[in-house]
Amino acid sequence: FDELKLLNELGVEVEHIDISRVYTRAGKLSTKEVQDESENLLKSINYQTKVSGNHLENLIRTRTAFAGISQDFNLDALAVKCWPEFHGDYGTPACAAIGMSNSKLPAAAEGDVYGTVTMLMQRYITGEIPFFSDFIYSDTEKNTGIFWHCGCGSMELAGDKSEIILDNFPGKVKGAPEKGCVMTFQIYAENKRATVNQFGTGCDGNFRMLDI
């Protein structure tokens, strides 16, 4: 991404924060703080969990670390360089924690700064919670398509919150330990309208916006 162009043309300032700060802050949380946050999560939403090992605790720690760092640096949004660094170094992917952050603070995965800027624009314009995802499949005969990502959507977007599932990360390598956890749920019901945007640059280097 073009950091200076973002600043000069849109007034967007990018703060580079080493991901190790998240690991450090997450590790400093006490057991009681983790338990309290876990209870708050259970009260806020009726979810199911299939997560193994200590991944649920790591999720709570990561989510809390994101919130604390966002306050420390006075951030309006997050672009988390989660793959493969976070997944490999921390042992639990940041997907679900990013999704939970999205309820209050727009957050994109894979260090996608332009994706984050897109979400921030959507939030400012509509007041609604945006969702970061990839367009992975289309069926021209049925005029349908699939938008998917590894659990980065806010739980507030779930069509039926009782069907939210915290599950183990699907990309398991044979013989390797579990790398959970992610969230799965259906966001948009049939016939519900949605706006699709992508902010970025064209071949000429100028900013442009895809709007569907």
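This write-up is about the structure you can find in this document. Small disclaimer: the values here were computed from a predicted structure and weren't measured.

1. Comments concerning helix H1 (residues 3–10)
- Between the side-chain oxygen of the N-cap and the backbone nitrogen of Leu 4 there are 3.4 Å, and the N-cap of H1 in question is Asp 2.
- At the C-terminal side of H1, Gly 11 shows a positive phi close to 75°.

2. Here's the deal with the pattern of salt bridges
- The final tally for this structure, using the stated rule, is five salt bridges.
- Put simply, Lys 32 and Asp 36 hold a salt bridge, and the shortest N to O gap is 2.9 Å. Here Lys 32 pairs with Asp 36, and both are found in helix H3 (residues 31–44), just four residues apart, close to one helical turn.
- Glu 37 serves as the salt-bridge partner of Arg 63, at 3.9 Å between the closest nitrogen and oxygen. Taken together, the residues Arg 63 in helix H4 (residues 55–72) and Glu 37 in helix H3 connect sequence positions 26 residues apart.
- With a relative accessible area of 26%, Glu 37 lands in the partly exposed category.

3. Digging into the packing of helix H2 (residues 20–28) against H4
- One can describe the packing of H2 onto H4 by two numbers: an axis separation of 8 Å at closest approach and a directional angle of 115°. Considering how the two elements wind past one another, H2 and H4 form a crossing that is right-handed. For the pair H2 and H4, contact is made by Arg 21, Val 22, Arg 25, Ala 26 and Gly 27 and by Arg 61, Thr 62, Ala 65, Phe 66, Gly 68, Ile 69 and Asp 72, respectively.
- Tallied by class, the residues present in the contact of H2 with H4 amount to five nonpolar, three polar and four charged.

4. Brief notes about H4
- Compared with the 26 Å implied by 1.5 Å per residue over 18 residues, the 25 Å span of H4 between its first and last C-alpha is a close match.
- When H4 is considered as a whole, its buried residues turn out to be His 55, Asn 58, Leu 59, Ile 60, Arg 61, Thr 62, Ala 65, Phe 66, Gly 68, Ile 69 and Ser 70.
- Phi turns positive, to about 55°, at Asn 74, one or two residues after H4.

5. Some details on the environment of Asn 168
- Looking at the element boundaries, Asn 168 is found in the loop between strand E6 (165–167) and strand E7 (182–184).
- Since its relative accessible area comes to 17%, Asn 168 is described here as buried.
- A sequence separation of 15 residues divides Asn 168 from Met 183, and the C-alpha atoms of the two residues are 8.6 Å apart.

Parameters at a glance
Residues numbered from 1 in each chain as written. Predicted model: local features only at pLDDT ≥ 70, side-chain atom pairs only at ≥ 80, totals over all residues. Heavy atoms only, no water. Polar contact = N/O pair within 3.5 Å; in protein donor to acceptor, adjacent residues only side chain to side chain. Helix = DSSP H or I, 4+ residues; strand = E, 2+ residues; numbered from the N terminus. Salt bridge = Lys/Arg side-chain N within 4 Å of Asp/Glu carboxyl O. Buried < 20%, exposed > 50% of the residue type's maximum accessible area, 1.4 Å probe, protein only. Axes fitted to C-alpha atoms, helices over the stretch in contact; angles between N-to-C directions. Left-handed = near helix turned anticlockwise from the far one by under 90°. Contact = heavy atoms within 4.5 Å. Nonpolar A, V, L, I, M, F, W, Y, C, P; charged D, E, K, R; others polar. Expected span 1.5 Å × (residues − 1).

Functional significance is not addressed by these values, which are geometric in nature.
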